[in-house]
Amino acid sequence: KGVTWASPGRMNAARARLANVRKHVGKQQQKWQFECDVCDARGLPDGVRRAVIVWDRGRKAMMTHAADVRDGSARWDARLSQSVTLFRSAKTGALDAKLCRLQVYDADLMNA
């Protein structure tokens, strides 16, 4: 019978999964729920008519509704939430860092 070869993409994905497993050896997996209250944004550039806030962490992203911009300001009064998995070190008790970001986008350009 023939030999089946894995594609480079599959091999890279397998290596990445293995690296993640190694990275978390000896650590306790914990589920966390984070919330972010989005109130308003000021100083938005001229020409932006509608804006959205995107909160992302890796492949996960949450987005507000589009808010109208008047005089460089927009108001949402919205709550974004994310469920995340964090890993706690058995030795130190510290949680591994997970970076996230909040960004403001021109809603009209996102839909273009």
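On to the nonpolar core, then. Grouped together as the largest cluster of nonpolar side chains are 14 residues, with contacts concentrated most on Val 38, Leu 44, Ala 51, Val 69, Ala 74 and Trp 76. With 4 residues, the single largest contributor to this core is strand β5 (residues 73-89). Once residues within four sequence positions are removed from consideration, Val 38 is found in contact with Ile 53, Thr 64, Trp 76, Asp 77, Ala 78 and Leu 80.

Right, let's talk about the confidence of the model for the protein chain for a bit. Looking at the protein chain, the pLDDT average stands at 84 and 79% of residues meet or exceed 70. Per-element averaging of pLDDT across the protein chain places helix α1 (residues 8-23) at the bottom with 62 and strand β4 (residues 67-70) at the top with 96. Predicted confidence for residues 1-7 stays below pLDDT 50, and this span has 1 contact to residues more than four positions away or in other chains.

Reading the values: rules and limits
Residues numbered from 1 in each chain as written. Predicted model: local features only at pLDDT ≥ 70, side-chain atom pairs only at ≥ 80, totals over all residues. Heavy atoms only, no water. Core = buried A, V, L, I, M, F, W, Y, C linked by side-chain atoms within 4.5 Å. Buried < 20%, exposed > 50% of the residue type's maximum accessible area, 1.4 Å probe, protein only. Helix = DSSP H or I, 4+ residues; strand = E, 2+ residues; numbered from the N terminus. Contact = heavy atoms within 4.5 Å. pLDDT = per-residue confidence, 0-100.

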